[in-house]
Amino acid sequence: MNILLTGLLSFFLTVKVAFAGPMASYHIEKGKLHSGGSAQVEVLENSPEKFVAKLSYHIQKKILVPIPEDQLKGETVFEFPPDFRDERGYLELETKGVIELEKAKLQFVKRVNWRGLKDAYQVLILPKNGRSKIEAIYHPSVKAAGWGRVLVTFINSIPIFNGYQVVIEIDN
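One structure accompanies this document, and this report is about it.

Definitions and limits used
- Residues numbered from 1 in each chain as written.
- Predicted model: local features only at pLDDT ≥ 70, side-chain atom pairs only at ≥ 80, totals over all residues.
- Heavy atoms only, no water.
- Phe/Tyr/Trp six-rings, centres within 6.5 Å; stacked < 30°, edge-to-face > 60°.
- Helix = DSSP H or I, 4+ residues; strand = E, 2+ residues; numbered from the N terminus.
- Buried < 20%, exposed > 50% of the residue type's maximum accessible area, 1.4 Å probe, protein only.
- Pairing = 2+ DSSP bridges.
- Arc of directions from axis to C-beta.
- Contact = heavy atoms within 4.5 Å.
- Salt bridge = Lys/Arg side-chain N within 4 Å of Asp/Glu carboxyl O.
- Core = buried A, V, L, I, M, F, W, Y, C linked by side-chain atoms within 4.5 Å.
- Polar contact = N/O pair within 3.5 Å; in protein donor to acceptor, adjacent residues only side chain to side chain.

## Quick word on the packing of aromatic side chains
Then, number 1: Under the definition given, this model contains four aromatic pairs.
Then, number 2: Centroid distance tyrosine 90 to tyrosine 121: 5.7 Å. Interplanar angle 45°. Geometry classified as tilted. Of this pair, tyrosine 90 sits in helix H2 (residues 87-96) while tyrosine 121 sits in strand S7 (residues 117-127), and the two are 31 residues apart along the sequence.
Then, number 3: Judged by relative accessible area, tyrosine 90 falls into the buried class, the value being 2%.
Then, number 4: By way of ring pairs, the aromatic residues Tyr90, Tyr121, Tyr138 and Trp147 are connected into one cluster.

Printed below as a string of C-alpha cells:
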C-alpha cells in the first residue's frame, strides 16, 4: 500500500497543477486492496512566480491488508511553476502532443465530455521515476486543481501492486 502512496504523491509532485479556486475535495474509489478514501488539495499561493499547493490524503485499507495506518494518511506541501495553472498550458499540450518536464512527460490523449462538461482534456502523465502512469481529466471549470478525475496505474515488481489502479474523483 505504501507503493500506492508513492504513486499518489508522485502524481501531485510531477504534474503541473491548474488553478481555478483555493480548495477541492476528492474521494478515492474502492479497489481490491483499499475500501476507499479521501483527498484534498488546497492552494496556498498562486502568484506569477510560483504555485504552492497542499495535498492531504487518507486511504482506507481493506481489513486483511498488512499496511500500518500511519502510511495511509498525511499531507505534503508542493511548489510548482505557474505553467499549467489555467487552460493555456493544456491548449499548448494539445498542440504539441507531448511536453517534457523535469520529472515527467505529459501527453495529450483527447478531448472528452466528463460529468456534463464539454471539451475536457484527457492527459497522460508518465513520471520519469517509472513507478506509475496517470490519466487525468482536466477542465477549467473544475475547482482548485482543475482535475476532475485521476486514474493512477502503478508499475511495480511486486505482482499484487503491478498494474494496481486507484481512481480519484472530485466531490460535487
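## Some remarks on the pairing of strand S10 (residues 165-170)
Then, number 1: A large share of S10 lies buried, amounting to five of its six residues.
Then, number 2: Note: strand S1 (residues 23-28) against S10, three bridges, orientation antiparallel. By the bridge assignment, isoleucine 28 is partnered in S10 with isoleucine 168.
Then, number 3: With five bridges joining them, strand S9 (residues 147-154) and S10 adopt antiparallel strand pairing. Residue pairing in the sheet places valine 150 in a bridge with isoleucine 168 of S10.

## Notes on unusual backbone geometry
Then, number 1: Phi angles above zero are rare outside glycine, and arginine 115 is one such case at about 50°.
Then, number 2: Locating arginine 115 in the fold gives a position in the loop between strand S6 (104-114) and S7.
Then, number 3: With a phi angle near 60°, aspartate 119 is a residue other than glycine that sits in the positive phi range.

## Considering H2
Then, number 1: Among the residues of H2, Gly89, Tyr90 and Leu93 are the ones counted as buried. Here the buried residues of H2 occupy an arc of 95° about the axis, which is enough to place them on one side. Projecting away from the buried face of H2 at angles above 90 degrees are the exposed residues Arg88 and Thr95.
Then, number 2: On the buried face of H2, the contacting elements are strand S5 (98-100), S6, S7, strand S8 (132-138) and S9.
Then, number 3: Following H2 by one or two positions, glycine 97 has its phi on the positive side, about 90°.

## Let's talk about the pattern of salt bridges
Then, number 1: With the rule as written, the count across this model stands at five salt bridges.
Then, number 2: Glutamate 100 serves as the salt-bridge partner of lysine 128, at 3.4 Å between the closest nitrogen and oxygen. Residue lysine 128 is found in the loop between S7 and S8, and its partner glutamate 100 is found in strand S5; the two are separated by 28 residues along the sequence.
Then, number 3: Arginine 115 is paired through a salt bridge with glutamate 169; the nearest N and O atoms lie 2.9 Å apart. Of this pair, arginine 115 sits in the loop between S6 and S7 while glutamate 169 sits in strand S10, and the two are 54 residues apart along the sequence.
Then, number 4: Using a relative accessible area of 43% as the deciding quantity, one classes arginine 115 as partly exposed.
Then, number 5: Classification of glutamate 169 as buried rests on a relative accessible area of 9%.

## A few points about the nonpolar core
Here is a general trend for soluble globular proteins: nonpolar side chains tend to be buried in one another's company.
Then, number 1: Counting residues in hydrophobic clusters, the biggest one holds 38 residues, and the most contacted among them are Tyr26, Tyr90, Leu93, Val123, Ile125, Trp147 and Val150.
Then, number 2: The biggest single contributor to this core is S6, with five residues.

## Thoughts on the side chain of histidine 34
Then, number 1: With respect to the helices and strands, the residue histidine 34 is situated in strand S2 (residues 34-46).
Then, number 2: Note on histidine 34: relative accessible area 1%, which makes it buried.
Then, number 3: Among the polar contacts listed, one links the side chain of histidine 34 to the backbone oxygen of glutamate 29, at a separation of 2.8 Å.

Everything listed here is a matter of coordinates, which is why it stays silent on function.
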